[in-house]
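# A closer look at the structure
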Amino acid sequence: RRTVLITLPEGKSIRILGAETRDARVSVRLEAVAGSGDRKWRLIAVQRADAAPGTHFGEIVVRTTSRLTPRLSISERGTIEAPGR
């Protein structure tokens, strides 16, 4: 499990629209940070318990309403070990 804090700039009307990954071994979700007025978000990435052993690479994409940065790309890498190793 890894958490990334995303902070949107003050004075801008940029919003977070969602987050996704194409890596079937990882699930992602966004949570607004309480009291931040939708300016701060936690992106939480978790390796799935049923993922096959091995090293995997992927990309998490956060979609925004920004004209300059409509997609934030976050590289992800993980290793899943077989039970008993």
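The notes below deal with the structure included here. (Residues numbered from 1 in each chain as written. Predicted model: local features only at pLDDT ≥ 70, side-chain atom pairs only at ≥ 80, totals over all residues. Heavy atoms only, no water.)

### Thoughts on the overall build of the protein chain
Counting secondary structure elements, the protein chain contains zero helices and six strands. Counted from the first residue to the last, the protein chain has its helices and strands arranged as β-β-β-β-β-β. Here the C-alpha radius of gyration of the protein chain, 15 Å, is well above what a compact globule of 85 residues would show, namely 12 Å. Overall, the C-alpha framework of the protein chain stretches about 50 × 25 × 15 Å when taken along its three principal axes. (Helix = DSSP H or I, 4+ residues; strand = E, 2+ residues; numbered from the N terminus. Rg over C-alpha atoms; globule rule 2.2 N^0.38 Å.)

### Looking at the sheet that holds strand E3 (residues 26-32)
Read across the open sheet, the three strands follow the order E1-E4-E3; overall the sheet is antiparallel. Looking at the sheet topology across the chains shown, the edges are occupied by strand E1 (2-7) and E3. Neighbour to neighbour, the strand axes of the sheet diverge by 20° on average, direction disregarded. (Pairing = 2+ DSSP bridges. Axes fitted to C-alpha atoms, helices over the stretch in contact; angles between N-to-C directions.)

### Notes on the sheet that holds strand E5 (residues 54-64)
Taken in spatial order, the three strands line up as E2-E5-E6 in an open sheet, and their pairing is antiparallel. The open sheet terminates on both sides in strands that have one partner only, identified here as strand E2 (16-21) and strand E6 (71-80). Strand after strand, the sheet turns through a mean of 20° between neighbouring axes, direction not considered. Bridge analysis of E2 against E5 gives five bridges, and the strand direction is antiparallel. Note that in E5 the partner of Gly-18 across the bridge is Arg-63.

### Some remarks on unusual backbone geometry
Negative phi values dominate among residues other than glycine, just as trans dominates among peptide bonds. Backbone geometry places Asp-38, a non-glycine residue, at a positive phi of 65°. In this structure, Asp-38 sits in the loop between E3 and strand E4 (40-47). Given a relative accessible area of 49%, Asp-38 falls into the partly exposed group. (Buried < 20%, exposed > 50% of the residue type's maximum accessible area, 1.4 Å probe, protein only.)

### A look at the pattern of salt bridges
Considering all chains together, one arrives at four salt bridges under this definition. Glu-10 is paired through a salt bridge with Arg-39; the nearest N and O atoms lie 3.8 Å apart. Of the two residues, Glu-10 is situated in the loop between E1 and E2 and Arg-39 in the loop between E3 and E4; the sequence distance between them amounts to 29 residues. Accessibility expressed as a relative area gives 62% for Glu-10, which makes it exposed. We classify Arg-39 as partly exposed; its relative accessible area is 26%. (Salt bridge = Lys/Arg side-chain N within 4 Å of Asp/Glu carboxyl O.)

### Some points on the nonpolar core
Core analysis: the largest hydrophobic core is formed by ten residues, namely Ile-6, Leu-8, Ile-16, Val-26, Val-28, Trp-41, Leu-43, Ala-45, Ile-60 and Val-62. Val-62 has contacts with Ile-6, Ile-16, Gly-18, Ala-19, Leu-43, Pro-70, Arg-71, Leu-72 and Ile-74, leaving out every residue within four places of it along the chain. (Core = buried A, V, L, I, M, F, W, Y, C linked by side-chain atoms within 4.5 Å. Contact = heavy atoms within 4.5 Å.)

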